[in-house]
2 protein chains.
Amino acid sequence: MDGPALSPAAGLLAQVSQYIDRQQEAFVQTLREWVAVESDSVQPVPRLRREVTRMMELAAEHLRRLGAGVELVDVGTQQLPGGQSLPLPPIILAALGTDPEKATVCFYGHLDVQPASREDGWLTAPYSLTEVDGKLYGRGATDNKGPVLAWLNAVSAFGALGQDLPVNVKVILEGMEEAGSVGLEDVVRRERHGFFASVDYIVVSDNLWLSRTKPALTYGTRGNSYFTVEVKCRDQDFHSGTFGGILHEPMADLVALLGSLVDPSGRILVPGIYSHVAPPTEEERRLDAAVELDLGEFCRSSGVARLLFRSKEDVLLHLWRRPALSIHGVQGAFHEPGAKTVIPGRVTGKFSIRLVPNMDAAVVEKQVRQYLESVFSQRNSPNQLTVSMVLGLQPWVADIQDGQYLAARRAIRTVFGTEPDMTRDGSTIPIAKTFQDLLQKSVMMLPLGAVDDGEHSQTEKINRRNYIEGSKLFAAFFLELAKLHADRGRPVSPAQGRTP
Amino acid sequence: MDGPALSPAAGLLAQVSQYIDRQQEAFVQTLREWVAVESDSVQPVPRLRREVTRMMELAAEHLRRLGAGVELVDVGTQQLPGGQSLPLPPIILAALGTDPEKATVCFYGHLDVQPASREDGWLTAPYSLTEVDGKLYGRGATDNKGPVLAWLNAVSAFGALGQDLPVNVKVILEGMEEAGSVGLEDVVRRERHGFFASVDYIVVSDNLWLSRTKPALTYGTRGNSYFTVEVKCRDQDFHSGTFGGILHEPMADLVALLGSLVDPSGRILVPGIYSHVAPPTEEERRLDAAVELDLGEFCRSSGVARLLFRSKEDVLLHLWRRPALSIHGVQGAFHEPGAKTVIPGRVTGKFSIRLVPNMDAAVVEKQVRQYLESVFSQRNSPNQLTVSMVLGLQPWVADIQDGQYLAARRAIRTVFGTEPDMTRDGSTIPIAKTFQDLLQKSVMMLPLGAVDDGEHSQTEKINRRNYIEGSKLFAAFFLELAKLHADRGRPVSPAQGRTP
């Protein structure tokens with residue numbers, strides 16, 4: 001029987017997909033080797049920092065084996081608050097192909113991870129990739145080592161099949177994302193007319209789908225202003241028997257300060273904090289309404305009994321388009337098991353406010369400091385208050401009319417057989433904003449992980465399906481971008497790109 | 001020239017004192033060896049628990065070398081909240097002398113310590129005794145290894161001089177005091193008609209003077225009710241980007257709960273908590289007024305800018321005769337350096353209320369639970385709240401007309417040349433209450449440490465003077481008790497005992 005002939009691109013994609021299926025055990029094994037490196041950039045200790053650097057070297061070697069030109073950019077040292085310093089891991093700049101006829105797409109990823117240990121409640125060893133029911137558990141599996149490898153798997157497939165890459169591929173990988181991307185912005189700025197001069201599109205795959213099964217494309221992220229609030233009586237702790245009842249206790253001050261930040265409905269109590277928040281546009285309301293999100297399923301899969309809001313639209317609004325304040329913890333107080341009778345002498349609360357357009361981190365810093373100082377002054381405490389914004393990362397939003405969004409939607413339809421959810425992300429990937437501001441390039445977020453991947457939590461995983469189909473998706477995206485580039489000159493709109 | 005002839009007891013005390021002065025380097029060296037053992041009973045981990053047991057064995061060997069009969073009482077295992085169990089260190093019962101003509105005095109002490117590490121801010125290695133300007137820094141130096149050794153030093157002096165002990169001496173030493181004296185009460189109850197049957201007086205030296213230089217005698221302690229309040233959404237943490245803004249965050253609930261406990265003036269907000277507090281008697285007001293306490297000096301030596309109260313009487317009232325609430329910390333939240341963007345899924349706040357006569361821990365438990373449940377219910381949170389009282393230790397107060405208080409006052413006058421402050425202690429030594437209740441014996445607290453010793457804090461120390469003169473004080477106390485015993489039959493009152 002005669003069927004419709006496959007286009008050359010479709011035929012190549014079929015070959016690439018088969019190759020990726022055949023190679024999947026090897027691809028999982030490489031992910032296992034990467035997860036095994038405890039590349040924790042959050043805890044500023046020399047042993048862990050060395051692991052981050054070792055991870056960067058492993059990735060550089062992997063890229064070289066794929067035929068890439070690789071540069072490890074030294075970005076110097078990190079100054080810590082206590083006066084110490086730590087070396088920063090190098091940043092990887094890699095390139096495959098320089099054909100001026102082809103589009104050039106640059107992938108950003110990070111190879112550092114959040115802290116993880118068995119004592120935190122992991123059911124598996126966090127740095128030993130463990131597969132259960134098609135889920136690959138391990139710190140960094142989804143955030144962000146798995147997606148980085150999926151990109152490299154796609155690249156490798158073309159080479160293994162003896163095919164030229166349909167696009168020029170560049171890769172920028174960092175090792176300090178979880179600690180605020182220290183050193184990265186300087187490199188991007190410096191390479192604006194170098195490494196990035198030929199780049200047409202920038203892709204970031206550092207967030208999650210909204211669903212366990214349905215892919216997404218992401219066109220905006222919240223920013224983050226991270227605060228420490230220190231209350232100090234003295235450097236040493238006190239015995240609560242010897243001093244309890246006559247002291248202005250720092251923990252009482254701190255608890256009152258932290259308790260003044262947000263009400264039980266999640267509303268932030270810092271005066272003026274909502275004054276620059278952009279109200280949602282009609283188009284944004286329309287996009288949100290089209291998103292597939294079953295709140296019941298969302299709660300079940302997250303293990304949450306009840307959310308603050310009951311409609312899909314309200315939940316998306318408060319995740320994507322409204323600021324949110326979270327209290328992360330307290331440093332300097334008693335945090336271990338047992339019953340220590342201590343009055344901590346100096347305690348530091350940590351909280352952050354996620355920022356949305358058109359909030360500005362510098363304005364938020366001022367609002368928060370003034371508010372906390374005013375709350376503190378009402379306590380008549382002789383203790384010393386120090387409020388610091390230790391991270392101030394701006395929100396980002398992209399133009400979804402841009403061509404690479406079209407190419408990605410087509411690739412998703414081809415590989416997953418469905419339209420993607422058009423999403424924003426509540427978390428912060430500052431590099432998207434940096435790329436857009438510094439390079440004036442089109443930036444797109446193309447997530448590979450499912451909603452229940454548990455990034456930053458104790459059961460982080462990536463589904464084998466997401467990892468392997470994600471590798472195919474990147475290959476399909478390369479082919480779609482190449483088509484788009486071949487069509488250059490003709491105007492391209494999402495409507496034209498829609499399949500019949 | 002003829003001077004007044006020394007009494008035989010005074011002559012013996014002079015010899016003993018000279019011996020102790022000659023031996024002081026050896027005595028400091030033994031303290032160094034004891035401090036070197038990390039006998040931390042607070043953190044329930046096997047390695048540290050083994051160190052506590054090793055400490056008990058060291059002390060038993062020391063007692064045996066002094067000629068004591070020593071029993072190491074096995075008190076079984078400790079059940080931990082998580083279902084695990086740990087062996088309990090043995091309790092030491094030791095005895096020197098059984099002369100029925102002599103008084104029998106029993107010393108209670110503990111050899112376990114609070115946690116300590118360099119990272120907490122110690123300027124010296126906490127388990128390496130370090131002398132600076134006559135101060136012996138090290139964990140346990142004053143709480144309670146130094147005082148235990150001072151007692152043993154006094155005992156050893158009589159033997160070294162070929163003299164009989166003026167009293168029969170018994171010693172009970174435990175290794176779980178900092179963790180609530182697990183297992184001790186059973187031993188005391190069991191030995192009521194055994195080890196303790198012949199005991200006339202019980203001495204505890206586990207608190208501090210009110211001053212850097214002036215000794216004290218202590219006739220009461222506060223109790224302690226230690227609470228954990230857990231708020232749980234789920235066992236895993238959340239990413240604050242992915243969930244921030246739509247969750248009832250456990251830390252927001254917990255901070256509100258902890259913030260509802262005490263106002264900026266130190267007043268506890270739990271309804272009914274003050275209803276059983278005994279108002280101070282006229283005699284208590286008189287004793288407090290006689291205490292030497294320079295609040296300015298107290299603040300300077302404590303490193304505290306300003307206390308909640310401005311008069312000596314108010315400060316003593318709130319340390320000794322009023323309950324106090326201290327917030328110790330939070331378990332399960334982010335407590336490390338750095339900026340982790342986590343929403344903790346399950347957090348446990350820890351606080352305690354010091355109890356005074358006539359409060360009852362069981363009543364306080366009920367009041368606190370009801371109050372926190374009511375505060376929580378107003379937040380409309382779907383999270384799970386669990387309030388537990390993990391320690392409930394009753395307050396204690398003694399009859400200061402008892403003979404051993406007289407003997408101790410005389411001994412203090414002889415060794416230190418001054419009347420002691422008659423004090424209560426704001427902290428909790430539950431064994432005093434246990435001895436009084438179970439054995440119906442006279443209990444006295446005879447502190448050796450100075451006010452600035454920093455027990456439970458990062459710069460714990462004992463002054464060389466306090467350690468060495470304290471050893472002499474115990475020897476003088478033995479001699480005074482012997483005199484008191486020889487006078488038995490004649491009524492003894494503090495007035496008769498006063499020197500001309």
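Conventions used here
- Residues numbered from 1 in each chain as written.
- Chains lettered and ligands numbered in written order.
- Predicted model: local features only at pLDDT ≥ 70, side-chain atom pairs only at ≥ 80, totals over all residues.
- Helix = DSSP H or I, 4+ residues; strand = E, 2+ residues; numbered from the N terminus.
- Rg over C-alpha atoms; globule rule 2.2 N^0.38 Å.
- Buried ≥ 20, exposed ≤ 12 C-beta atoms within 10 Å, placed from the backbone.
- Contact = placed C-beta atoms within 7 Å.
- Least-squares fit on C-alpha atoms with pLDDT ≥ 70 in both.
- pLDDT = per-residue confidence, 0-100.
- Nonpolar A, V, L, I, M, F, W, Y, C, P; charged D, E, K, R; others polar.
- Core = buried A, V, L, I, M, F, W, Y, C linked by C-beta atoms within 7 Å.
- Pairing = 2+ DSSP bridges.
- Axes fitted to C-alpha atoms, helices over the stretch in contact; angles between N-to-C directions.
- Parallel < 35°, antiparallel > 145°, perpendicular 65-115°, else oblique.
- Left-handed = near helix turned anticlockwise from the far one by under 90°.

**Some remarks on the overall build of chain A**
Counting secondary structure elements, chain A contains 15 helices and 20 strands. Relative to a compact globule of 500 residues, whose C-alpha radius of gyration would be 23 Å, chain A shows 24 Å and is just as compact. With respect to the principal axes defined by its C-alpha atoms, chain A has extents near 90 × 50 × 45 Å. Expressed as a percentage of the 500 residues in chain A, the buried residues total 56%. The contacts in chain A between residues at least 6 apart in sequence include a share of 81% that link residues at least 24 apart.

**Quick word on the relation of the copies chain B and chain A**
Each copy of the sequence occupies a distinct position, and chain B is placed on chain A by a rotation of 180° and an axial shift of 0.1 Å, giving an RMSD of 0.1 Å. Here the transformation between the copies is reduced to the relation of a two-fold axis. The rotation axis passes nearest to the C-alpha of V255 of chain B in chain B, at a distance of 2.8 Å.

**Describing the confidence of the model for chain A**
Confidence along chain A averages 93 in pLDDT terms, with 96% of residues attaining 70 or more. Contacts from residues 489-500 of chain A, a stretch scored under 50 in pLDDT, to residues over four places away or in other chains number 11 contacts.

**A few points about the interface of chain B and chain A**
Reports often express the size of an interface as the amount of accessible area lost when the parts come together. Taken together, the contact pairs 86 residues of chain B with 86 residues of chain A. With 7 residues, the single largest contributor to the side of chain B that touches chain A is strand 13 (residues 324-331) of chain B. A breakdown of the residues in the side of chain B that touches chain A according to their chemical character gives 37 nonpolar, 35 polar and 14 charged.

**Some thoughts on the nonpolar core**
Of all hydrophobic cores here, the largest spans 298 residues; its most connected members are M444, F478 and L481 of chain A together with M444, F478 and L481 of chain B. Of all the elements, helix 14 (residues 464-486) of chain B adds the most residues to this core, at 12 residues. Setting aside chain neighbours within four positions, we find M444 of chain B in contact with Y201, V203, L217, A398, Q404, Y405 and A408 of chain B.

**With respect to the sheet that holds strand 7 (residues 135-137) of chain A**
All names here are of chain A. With antiparallel pairing, 3 strands are arranged side by side in an open sheet as 6-7-20. Only two strands of the sheet have a single neighbouring strand rather than two, namely strand 6 (130-132) and strand 20 (461-463). Going from strand to strand, the sheet's axes swing by 25° on average, the running direction of each strand aside. Along the sheet, helix 4 (residues 141-160) contacts strand 7 and strand 20; its crossing angle with strand 20, the most-contacted strand, is approximately 45°.

**Concerning the sheet that holds strand 7 (residues 135-137) of chain B**
Residue and element names in this part refer to chain B. Here we have 3 strands laid out as an open sheet, ordered 6-7-20, and antiparallel in their pairing. Whereas interior strands pair on both sides, the edge strands pair on one side only; in this sheet they are strand 6 (130-132) and strand 20 (461-463). Each strand of the sheet is rotated relative to its neighbour by a mean of 25°, with strand direction disregarded. Relative to strand 7, strand 6 runs antiparallel, the two sharing 3 bridges.

**Things to note about the environment of P215 of chain A**
Residue and element names in this part refer to chain A. Mapped onto the secondary structure, P215 falls in the loop between strand 9 (201-204) and strand 10 (216-221). A tally of 28 C-beta atoms within 10 Å means that P215 is categorised as buried. P215 sits 54 residues away from L161 along the chain, and the two C-alpha atoms are 27 Å apart. Apart from the residues lying within four places of it in its own chain, the contact partners of P215 are W209, I412, F416, T418 and P420.

**Considerations on the pairing of strand 4 (residues 91-96) of chain B**
Residues and elements named next belong to chain B. Within strand 4, 5 of the 6 residues are buried, which leaves it mostly tucked inside the rest of the structure. Sheet topology places strand 1 (residues 69-73) next to strand 4; 5 bridges connect them, and they run antiparallel. Paired with L72 across the two strands is I92, which belongs to strand 4.

**A word on the packing of helix 2 (residues 24-35) of chain B against helix 4 (residues 141-160) of chain B**
Residue and element names in this part refer to chain B. Running from amino to carboxyl end, helix 2 crosses helix 4 at an angle of 140°, the nearest separation of the two axes being 10 Å. By the criterion of interaxial angle, the relationship of helix 2 to helix 4 is oblique. Here the hand of the crossing between helix 2 and helix 4 comes out right-handed. Each of F27, T30, L31, W34 and V35 in helix 2 lies in contact with helix 4, whose residues at this interface are A141, K145, G146, L149 and N153.

**What about the environment of V182 of chain A?**
All names here are of chain A. Tracing the backbone shows V182 in the loop between strand 8 (168-174) and helix 5 (184-190). Each C-alpha atom, one on V182 and one on T124, is 30 Å from the other, the two residues being 58 residues apart in sequence. If we ignore the near neighbours within four places in the chain, the residues touching V182 are Q78, L88 and M176.

**Re the packing of helix 1 (residues 8-22) of chain B against helix 4 of chain B**
Residues and elements named next belong to chain B. In the contact formed by helix 1 and helix 4, the axes pass within 9 Å of each other and the chain directions differ by 110°. The pairing of helix 1 with helix 4 is recorded here as roughly perpendicular in orientation. Like other packed secondary-structure pairs, helix 1 and helix 4 cross with a definite hand, here right-handed. Residue-level contacts link V16, Y19 and I20 of helix 1 to N153, A157, F158 and A160 of helix 4. Among the residues making up the contact of helix 1 with helix 4, the classes are represented as 6 nonpolar, 1 polar and no charged.

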